[in-house]
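Notes for the structure review
Each chain, letter by letter, is given below.
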Amino acid sequence: MSFKRAARLDQLPPYLFIEIDRKKREAIKAGKDVISFGVGDPDRPTPTFIVDRMAEAIRESANHQYPLGSGSMEFRKCVTTFMQQRFNVTLDPATEAMAVIGTKEGIGHLPLAVINPGDYVLVPSPGYPVYESSTIFAGGLVHEMPLLSERGFLPDLNAIPRDVLSKARLMFINYPNNPTGAVAGLDFYEQCVALAQKHDFVICSDAAYTETYFDDRDRPRSIFEVKGAKEVAVEMHSLSKTFNMTGWRLGFAVGHAGVVEALAKIKGNVDSGAFTAIQDAGITALEGINRPEVLANREMYRRRRDALVPHLRELGFGVEPPRATFYVWAKCPKGHEDSMRCATKILDEAAIVAIPGVGFGKYGEGFVRFALTVEEDRIRVATGRLAEMKW
Ligand SMILES: *Cc1c(COP(=O)(O)O)cnc(C)c1O
């Protein structure tokens, strides 16, 4: 037989990091000391209190069987308690909360549960690439919502065409935002909820970074702090970034009971949920959200941010220190607005990896993203090298 892969795979946007990846590997092979601000994956290990709980949980034989479809009731109760304590929102653990195998899995499956082929999905650009690929897999049409610096990287909801709105079944929003680092206020969530109510679509708020903030008086909000949000929205939370647990694969979806049930139905047919031992360790993690280890992690990102941002600015990058996330979204210096070329220049001349903004969608052009997943002393080496470049 001559195998030809499914056509939907050819509909995915081209993978724009290949060239940077190749150059990075070449540089390493040539013996260069490459400093990578590329991937958004915490460099520090999972805190010991969580690993210790996992070591116990893995010995409990009840955990060796198939997990319960929507997550254990203990985990779901812990999730709703977390949402109550952190955001002062009340959710029913039985119907309005479920475990996902990382937020990526929840987002990846959500369109299958919500849209029909030919429906529009509103997707931010630049944005996390999974919004677009999951839409394509479900036969949906992507409508890009530009995130521009002059609007604080919030989409202009009034700019969405009427005919798109009438066929829109789902909108993805993501604050604190990857890649721009922007944070949304409650007024923005209010506008989204009102629009969704008017046009009958579901909002998926990707909240993977709500706990990666730098000022206790300025903590990111949940969409459910808006009245009526539960009637239109689900929110995806992740343990990955908050607790350095990207490899564990655990997150949760909360909100609209019908959407939660529909997502559980999809998942029941393709996976059997997150390993229960990991959910047990996840409970310990969420209950430890105010432990010193977690606070220290935030402090560390803040120091790294402050070690990088002022230097980038001096060099001619347009950049504000982010209030949340571990990303620095920097406008390329004048005359170097082609983000692919800008990232290539940094890699060629300073052996530093940053991601070209265009890789996150066409409205990411003109920017590069630095992930603060590099030790502070290495950031200092990097800024020294950048300072010696000729622009
Ligand atoms: C990292 C990330 C995720 C995925 O998190 P997991 O829970 O590890 O799957 C989702 N959304 C955004 C915007 C992210 O940056």
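Cut-off values and rules
Residues numbered from 1 in each chain as written. Predicted model: local features only at pLDDT ≥ 70, side-chain atom pairs only at ≥ 80, totals over all residues. Heavy atoms only, no water. Pairing = 2+ DSSP bridges. Helix = DSSP H or I, 4+ residues; strand = E, 2+ residues; numbered from the N terminus. Axes fitted to C-alpha atoms, helices over the stretch in contact; angles between N-to-C directions. Contact = heavy atoms within 4.5 Å. 1 Å grid on protein atoms, 1.4 Å probe; cavity = no way out; pocket = protein on both sides within 12 Å on 5 of 7 lines; lining within 4 Å. Points joined across faces, edges and corners; volume = space filled by probe spheres on them. Nonpolar A, V, L, I, M, F, W, Y, C, P; charged D, E, K, R; others polar. Domains from an automatic or database assignment. Buried < 20%, exposed > 50% of the residue type's maximum accessible area, 1.4 Å probe, protein only. Left-handed = near helix turned anticlockwise from the far one by under 90°. Buried area = accessible area lost by both parts, 1.4 Å probe. Salt bridge = Lys/Arg side-chain N within 4 Å of Asp/Glu carboxyl O. Polar contact = N/O pair within 3.5 Å; in protein donor to acceptor, adjacent residues only side chain to side chain. Near = heavy atom within 4 Å. Areas by Shrake-Rupley, 256 points an atom, 1.4 Å probe, with all protein chains shown as cover. Sits in = over half its atoms within 2 Å of the grid points. Expected span 1.5 Å × (residues − 1).

One open sheet accounts for 7 strands, arranged E2-E8-E7-E6-E5-E3-E4; its pairing is mixed. The strands lining the two open edges of the sheet, one partner per strand, are strand E2 (97-100) and strand E4 (141-146). When strand polarity is set aside, the average angle formed by the axes of neighbouring strands in this sheet is 25°. Across 5 bridges, the pairing between strand E5 (residues 168-174) and strand E6 (residues 202-206) is parallel. Its bridge partner lying in E6, leucine 170 is registered against valine 202. Against the sheet, helix H9 (residues 257-270) makes contact with E2, E6, strand E7 (233-238) and strand E8 (251-255), and its axis sits at roughly 35° relative to E2, the strand it touches most.

In spatial order, the strands read E9-E12-E11; together these 3 strands make up an open sheet with antiparallel pairing. Of all the strands in the sheet, the pair left with one neighbour each is strand E9 (327-331) and strand E11 (355-356). As judged from the 2 bridges shared by E11 and strand E12 (residues 367-371), these two strands associate in the antiparallel manner. The partner of proline 356 across the bridge, within E12, is valine 368.

What the largest pocket holds in volume is close to 1,300 Å³. Around the largest pocket sit 47 residues that line it, and Phe17, Lys104, Tyr128, Pro129 and Phe360 are the ones nearest its centre. At the level of elements, helix H2 (18-29), helix H5 (103-114), strand E3 (120-125) and helix H6 (130-137) are the ones that each hand at least two residues to the lining of the largest pocket. Broken down by element, the lining of the largest pocket gets its largest block of residues, 4 residues, from H6. In terms of residue class, the lining of the largest pocket is built from 22 nonpolar, 14 polar and 11 charged. Each of domain 1 (7-45 + 292-388) and domain 2 (48-287) gives at least three residues to the lining of the largest pocket.

Our next topic: the pairing of E9. Within E9, 4 of the 5 residues are buried, which leaves it mostly tucked inside the rest of the structure. Inspection of the sheet shows E9 paired to E12 by 5 bridges, in the antiparallel sense. Counterpart to valine 328 in the pairing with E12 is phenylalanine 370.

The subject of this paragraph is the packing of helix H3 (residues 48-57) against helix H10 (residues 276-287). The N-to-C vectors of H3 and H10 enclose an angle of 145°; their axes lie 8 Å apart at closest approach. For the pair H3 and H10, the sense of crossing is right-handed. Packed against H3, whose contacting residues are Phe49, Ile50, Arg53, Met54 and Ala57, the element H10 presents Ala277, Ile278, Asp280, Ala281, Thr284 and Ala285 at the interface. Of the residues belonging to the contact of H3 with H10, the class tally is 8 nonpolar, 1 polar and 2 charged.

With that settled, consider the domain arrangement of the protein. When the domains of the protein are assigned, the result is domain 1 (7-45 + 292-388) and domain 2 (48-287). If you look at the interface, domain 1 gives 31 residues, while domain 2 gives 34 residues. Per-residue buried area on domain 1 facing domain 2 is highest for Arg298, Arg323 and Tyr363; these three make up 24% of the total on that side. Viewed at the interface, domain 2 and domain 1 are joined by 2 salt bridges. Where lysine 362 meets glutamate 144, a salt bridge forms, and the shortest distance between an N and an O atom there is 3.0 Å. Applying the counting rule to domain 1 against domain 2 returns 14 residue pairs in polar contact (both at pLDDT 80 or more).

Tracing the backbone through its elements, the reader meets arginine 291 in the loop between H10 and helix H11 (292-314). When its relative accessible area of 34% is taken as the criterion, arginine 291 is described as partly exposed. Within polar-contact distance, the side chain of arginine 291 engages the side chain of glutamate 293 at 3.0 Å.

A few words now on the environment of cysteine 332. Topologically, cysteine 332 is positioned in the loop between E9 and helix H12 (339-350). Counting along the chain gives 33 residues from cysteine 332 to glutamate 365, while the straight-line C-alpha distance between them is 9.3 Å. Once residues lying within four places of it in the same chain are set aside, the contact partners of cysteine 332 are Phe317, Glu337, Ser339, Cys342, Gly366, Phe367 and Val368.

By nearness alone, 13 residues border the ligand, and Asp206, Tyr209, Ser238, Ser240 and Lys241 come closest of all. Taking serine 238, its side chain carries an N or O atom lying 2.6 Å from an oxygen atom of the ligand. Here an oxygen atom of the ligand sits 2.6 Å away from a polar atom, N or O, in the side chain of serine 240. Taken by itself the ligand offers 390 Å² of open surface, and the protein chains cover 94% of this. Most atoms of the ligand, that is more than half of them, are within 2 Å of grid points of the largest pocket.

Turning our attention to H12. Across its 12 residues, H12 extends 16 Å between first and last C-alpha, which sits within 8% of the 16 Å expected from 1.5 Å per residue. The distance from a side-chain oxygen at the start of H12 to the backbone nitrogen of methionine 340 is 3.1 Å, and the residue carrying that oxygen is aspartate 338. Downstream of H12 by a residue or two, alanine 351 has a phi angle that is positive, lying close to 55°.

A few words on helix H4 (residues 73-87). In a regular helix each residue adds 1.5 Å, so 15 residues correspond to 21 Å; H4 covers 21 Å between its end C-alpha atoms and thus fits that length. Among all positions of H4, only Phe75, Arg76, Cys78, Val79, Thr80, Phe82, Met83, Arg86 and Phe87 are buried. Where H4 is buried, its residues meet E2, E7, E8 and H10. One or two positions beyond H4, positive phi appears at asparagine 88, with a value near 60°.

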